[in-house]
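# Residue-level structural notes
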Amino acid sequence: MLTVLALPAAAGGAVDPRPAAPATAKPLADWPAVKSAVGRDPKIERRIASILAGMTLEQKIGQMTQPDVRYIAPDQVRQYHIGSVLNGGGAWPAMNKHATVKEWADLAQAFHAAAMQTDAKVKIPLIWGTDAVHGHNNVLGATVFPHNIGLGAARDPQLVEEIARATAKASRATGISWVFAPTLAVAQDQRWGRTYESFSSDPALVRLYGAAAVRGLQGTLTGDGDVVATAKHYLADGGTVHGNDQGEARTSRLDLINVHGAGYYSALAAGAQTVMASYSSWTDAGSGAAGGKMHGNRALLTDALKGRMGFDGFVVSDWNAIEQVPGCTKAHCPASINAGVDMVMVPEDWRAFIANTVADVKAGRIAMARIDDAVTRILRVKLRAGLFERLPAAGAFNGRADALEARDLARRAVRESLVLLKNNDAVLPLRRGGRVLVVGKSADSLSNQSGGWTRTWQGTENTNADFGTGQTLLAALREALGADGVEFNETGAGVDPAKYTAVIAVIGETPYAEYNGDIDWPAPLQHSARYKEDLAVLDAVSGRGAPVVTIFYSGRTVYANDLLNRSDAFVAAWLPGTEAAGIADLLLRDGNGRIAYDFRGSLPFAWPGDACTSTVNGTILFRPGYGLRYDSPKAVSALTFTPAPEACG
Ligand code: GLC
């Protein structure tokens, strides 16, 4: 049950929520058959059969093995017939964070050359997968786009497709042909550390975006700027109890199908060629039946996905995820392969995995037919992607640093993603000409702008110099207003705001990824209880003679009534990435005093109205779809602020 706080009358309550997406038809009663845009090609199927017939068991298991580039050398790819590698977050060629695009492309070429030197009858090209989840975010010089939560706020599938296109091109510049995106989580509890990787809590919007992202990434699958996409994490990764990462999704079967499956129907229809299994588990809230960890759930991985939905690409496991299946280890899990995992992401222990799995087949614990099906699927994707016909180094973008950048597109994405929660007395947009005081820990931090999965896994341990491109909001304001027009003081201490025409406070969450970002139940979701410095900086400047405009970076919506009350204007900016000029575009009038851009973003998740509401049910301050516009100003009166309890519940 959704309780929407009756906003103070002056706030006018609702802002007409932009329709999230065409409402889907009546709820599905079962898994739907999905017709993929990438159909069966008899020529490819014949080639698969011919290649498979000539493969040894060791070669087949090698194809199903995916080490991390930190733990395998090219010559071992040759020796063990390895079918794929990945670079997990924080892995770069020669572990050099500043590796050039050419060094990435050279390593891809080296892995390919090794795969071409195996003793197999038919040499099978390797496929390299990477988490390019908001641009080619691991690579120095690559433009970083807003994380998915911001794209959800934009409600613009065309934008999502263009960003995916740019990301695919950047990936191919580094010789990489497989991207572990889009995430199709329909996050239901913002406690989850991966909420920002989810487009929205609204399945209809995720469904709309799933197809757009896959179209952008895969194109025709064989073009110079095309990569293989990954629908992840199957299934209900965003539906766990209290948002516990890798936890238990306790939902009805109908919700599993209609909420958490929504993105997959459109992504698979658009031709997604791979699916990544989720660490989470599923328990049927109706019957109580425990489906267990997804990596061992045959009913969902095989019967539903490959059977009912007709998925004929391949399923890849998540990082060491097979060890979470009862009876399994990182290097040994016949249960997961029998459940339907076709390629195993076994970053370090890949030698043992190969030996164990060969033994499993010889002992009859895994049927050869299952191995042949898995290898068939892997070969099918590689043939569809044209990998047999081209070198990683082939293609117009290979080795080109300019192919990593798409700054104007990212700047537009930032503009479209921002949500204006408050703008009392039409403080925004600011006129140029006066002097602005900028405060806050995130004003000059590309890291805080970009969040997790950026240059490193957690998005931490970076300085602005580790980006090689981009602009902080402080730099963008200085560029727009002139160095003399902007004064920066991170804490706001010792300055008199009355001397300035406005104060811009840039605050919010600091980077995190996966479980490191969980707000573990029963901790409250009150932002200032987690980041005291943000309340302190607003206390230093609020109500002291100049209007305060707060720019709030976050990977989720949070309880922030105390911060809203100290702000005359408040912008939910999510995790905008490297192009903060897109924020300045909306904050400032143009040189002629006109409004250059208006806000268009609207909330993709509910904004909590108390410190313990974090799901689609609860006390909601601003509902999904809320977002103010310059052309439809509405004041937000003082909000009741109740300090968070020690623990919710
Ligand atoms: C991580 C994530 C997954 C990612 C994979 C490879 O644990 O769950 O989203 O693609 O490992 O980095």
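Under an unreviewed UniProt entry, the name given to the protein chain is 1,4-beta-D-glucan glucohydrolase, and the source organism is Allosphingosinicella deserti.

In the region of the ligand, 14 residues are neighbours, and Asp-131, Arg-194, Lys-232, His-233 and Asp-318 sit closest. Within the side chain of Asp-131, one N or O atom sits 2.5 Å away from an oxygen atom of the ligand. Side-chain polar atom of Lys-232 to an oxygen atom of the ligand: 2.9 Å apart, as the coordinates give it. Protein contact buries 96% of the 310 Å² of open area that the ligand shows by itself. Of the residues that constitute the shell around the ligand, the class distribution is 7 nonpolar, 2 polar and 5 charged.

So, about helix H10 (residues 298-308). Here H10 has its buried residues at Leu-300, Leu-301, Thr-302, Ala-304, Leu-305 and Lys-306. One side-chain oxygen of the residue at the start of H10 lies 3.1 Å from the amide nitrogen of Ala-299, identifying that residue as Asn-297. One or two residues past the end of H10 sits Gly-310, with phi positive at roughly 80 degrees.

The next thing to look at is the sheet that holds strand S7 (residues 248-251). One key point about sheets: their strands pair by backbone hydrogen bonds, in either a parallel or an antiparallel sense. With mixed pairing, the 3 strands of this open sheet are ordered in space as S7-S9-S10. Each edge of the open sheet carries a strand with a single partner, namely S7 and strand S10 (290-293). The mean inter-strand angle of the sheet, taken between neighbouring strand axes irrespective of direction, is 15 degrees. Strand direction decides the pairing type here: strand S9 (residues 281-284) and S10, joined by 3 bridges, are antiparallel. Its bridge partner lying in S10, Ser-281 is registered against Lys-293. Each of S7 and S9 touches helix H8 (residues 253-260); the most contacted strand, S7, lies at about 110 degrees to it.

Parsing the protein chain into structural domains produces domain 1 (42-403) and domain 2 (418-598). Domain 1 and domain 2 are separated by 35 Å when their C-alpha centres are compared. Facing the 37 residues of domain 1 at the interface are 38 residues of domain 2. Regarding the contact of domain 1 and domain 2, the summed buried area is about 2800 Å², with carbon and sulfur atoms giving 53% of it. Among the residues domain 1 hides against domain 2, the three largest losses belong to Lys-97, Arg-191 and Tyr-196. Together they make up 24% of the total. Run the count over domain 1 and domain 2 and you get 2 salt bridges.

Parameters at a glance
- Residues numbered from 1 in each chain as written.
- Predicted model: local features only at pLDDT ≥ 70, side-chain atom pairs only at ≥ 80, totals over all residues.
- Heavy atoms only, no water.
- Near = heavy atom within 4 Å.
- Polar contact = N/O pair within 3.5 Å; in protein donor to acceptor, adjacent residues only side chain to side chain.
- Areas by Shrake-Rupley, 256 points an atom, 1.4 Å probe, with all protein chains shown as cover.
- Nonpolar A, V, L, I, M, F, W, Y, C, P; charged D, E, K, R; others polar.
- Buried < 20%, exposed > 50% of the residue type's maximum accessible area, 1.4 Å probe, protein only.
- Helix = DSSP H or I, 4+ residues; strand = E, 2+ residues; numbered from the N terminus.
- Pairing = 2+ DSSP bridges.
- Axes fitted to C-alpha atoms, helices over the stretch in contact; angles between N-to-C directions.
- Contact = heavy atoms within 4.5 Å.
- Domains from an automatic or database assignment.
- Buried area = accessible area lost by both parts, 1.4 Å probe.
- Salt bridge = Lys/Arg side-chain N within 4 Å of Asp/Glu carboxyl O.

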